Amino acid sequence: RASGVAVMGCCLSKQTTDTSQNVARNASQREIAWKTTGIVGLRDARLTSLPAKIFSADVAPKCRNVDASNNKIASLPPSIGTLVNLQRLTLTANALTTLPDELAQCVNLRVLVLDRNAISRVPDCVLASLTKLQTLSLAHNKLAAMPSVASLAKLEKLTVAGNSLTSLPDGAGRCAMLEELDAGDNPVDVIDASLGALTRLRVLNVERTRVSAVPPEVFKGCVSLVTMSLHGCPVDADAIEETDGFAEYAARVRDKHGKKIHGGAMVGSRGLDDGVDRATGGRNIAPHR
């Protein structure tokens, strides 16, 4: 019986050793993959912080793409600044409340996606430094204000929907490459006339905001605009249609979709839809369904 216990003890010890070796082996293989591919995939990994190994001298310069979405990461360490060759950072659905100034050192970032966190502050220096950004997405956070995005000359897609912003991001009208701007579900009350300078802008979404009018500069200057949504906004459809430049916008919608325009509204499978909600009488705006 004593021998049996000893054997059992040896077996248990061996199992523990084997498990430890497997964990170490898997970690080593993972780190080799990070260095070989430059892709760090950590989605749904139950993390509360990014692994320190990412920021080591042998891994950090290799990182091109980090995705740690669907975790419980509450903060980013100052060492995030060591990822100087990082091009894509995706941290959707975590617990971030702010961003470190050191993120500004990731000057090669093209894509930064931070949706569904609790971010209430973005340091000015971060957006001032990340001049290569093409996509910036901060949807469904707790932002009441944002620093200027004027320095983001290569920005193509800007998403700030579902925050507490009372105005569109300052400097958006200077992002000459911008094609999509989504600021829906914010208490924004004005569309800045400066957006009329965005000749590449194709999509403008301000659904469920307090916007009550569209500046003629937007209809006339945004010559690529074919999708604009004002659903859930306190606008008057007739007033929108009478705005200088609306006819040109409606013509672009018609050309894009190849559908008939009746009274300035596109007829689609769901009925009248040119981006505004219409009451039965055709004058006031009804809640969109």
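Keep in mind the model is a prediction, meaning the values are calculated, not measured.

Peer 1: What exactly am I supposed to notice about the overall build of the protein chain here?
Peer 2: Of the regular secondary structure elements, the protein chain holds five helices and twelve strands. In the protein chain, buried positions account for 44% of the 289 residues. By sequence separation, contacts in the protein chain at least 24 residues apart represent 37% of the contacts at least 6 residues apart. For the protein chain, the accessible area works out to roughly 14,200 Å², and carbon and sulfur atoms hold 52% of it.

Peer 1: Please explain the nonpolar core as it appears in this structure.
Peer 2: The nonpolar side chains of a soluble globular protein tend to be buried, and buried together. In this structure, Leu-136, Leu-204 and Leu-230 are the most contacted members of the largest nonpolar core, which totals 71 residues. Listing elements by their share of this core, those giving two or more residues are α2 (124–129), α3 (216–221) and α5 (246–257). Of the residues forming this core, the biggest block, four residues, is contributed by α5. Beyond its immediate chain neighbours, meaning those up to four positions away, Leu-204 contacts Leu-181, Ile-191, Leu-195, Val-218, Leu-225, Thr-227, Met-228 and Ser-229.

Peer 1: I tried to follow the sheet that holds strand β8 (residues 203–205) on my own but got confused; where do I start?
Peer 2: Paired through their backbone hydrogen bonds, the strands of a sheet run either parallel or antiparallel. The nine strands are arranged β1-β2-β3-β4-β5-β6-β7-β8-β9 in an open sheet whose pairing can be described as parallel. Each edge of the sheet is formed by a strand with only one pairing partner; in this case those strands are β1 (39–41) and β9 (227–229). Between one strand axis and the next, the sheet turns by 5° as a mean value, whatever way the strands run. As paired elements, strand β4 (residues 111–113) and strand β5 (residues 135–137) share three bridges and run parallel to each other.

Peer 1: Help me understand the side chain of Asn-141 in this model?
Peer 2: For Asn-141, the position within the fold is in the loop between β5 and β6 (157–159). With relative accessibility at 7%, the residue Asn-141 sits in the buried group. Among the polar contacts made by the side chain of Asn-141, one reaches the main-chain amide nitrogen of Asn-117 at a distance of 3.2 Å. For Asn-141, the residues in contact, after removing those within four places along its chain, are Leu-114, Asp-115, Arg-116, Asn-117, Ala-118, Ile-119, Gly-162 and Asn-163.

Peer 1: Help me understand the environment of Arg-252, please; the structure alone is not making it clear to me.
Peer 2: Relative to the elements of secondary structure, Arg-252 occurs in helix α5. On the basis of relative accessibility, which here comes to 16%, the residue Arg-252 falls in the buried class. Remark: the alpha-carbon pair of Arg-252 and Val-223, spanning 29 residues in sequence, is separated by 8.4 Å. The residues contacting Arg-252, other than those within four sequence positions of it, are Phe-219, Cys-222, Val-223, Ser-224, Leu-225 and Val-226. Separated by 3.1 Å, the side chain of Arg-252 and the backbone oxygen of Cys-222 make a polar contact.

Peer 1: Would you take a moment to explain the pattern of salt bridges for this structure?
Peer 2: Close approach of charged atoms lets side chains of opposite charge pair. Going through the model one piece at a time under the given rule, you end up with nine salt bridges. Across the pair Asp-58 and Lys-35 runs a salt bridge, and its minimum N-O distance is 3.3 Å. Remark: Lys-35 occurs in helix α1 (residues 2–37) and Asp-58 occurs in the loop between β1 and β2 (65–67); sequence separation between them is 23 residues. According to the relative accessible area criterion, Asp-58 is partly exposed, its value standing at 32%. A salt bridge links Arg-254 to Asp-255, with the shortest nitrogen-to-oxygen separation between them at 3.6 Å. You can call Arg-254 partly exposed: its relative accessible area is 40%. A residue is classified by how much of its surface remains accessible, and Asp-255, at 59% relative accessible area, is exposed. Linked through salt bridges whose partners overlap, the residues forming this network are Lys-35, Lys-53 and Asp-58.

Quick notes on the rules
Residues numbered from 1 in each chain as written. Predicted model: local features only at pLDDT ≥ 70, side-chain atom pairs only at ≥ 80, totals over all residues. Heavy atoms only, no water. Helix = DSSP H or I, 4+ residues; strand = E, 2+ residues; numbered from the N terminus. Buried < 20%, exposed > 50% of the residue type's maximum accessible area, 1.4 Å probe, protein only. Contact = heavy atoms within 4.5 Å. Areas by Shrake-Rupley, 256 points an atom, 1.4 Å probe, with all protein chains shown as cover. Core = buried A, V, L, I, M, F, W, Y, C linked by side-chain atoms within 4.5 Å. Pairing = 2+ DSSP bridges. Axes fitted to C-alpha atoms, helices over the stretch in contact; angles between N-to-C directions. Polar contact = N/O pair within 3.5 Å; in protein donor to acceptor, adjacent residues only side chain to side chain. Salt bridge = Lys/Arg side-chain N within 4 Å of Asp/Glu carboxyl O.

All we've got here are geometric facts, nothing functional implied.
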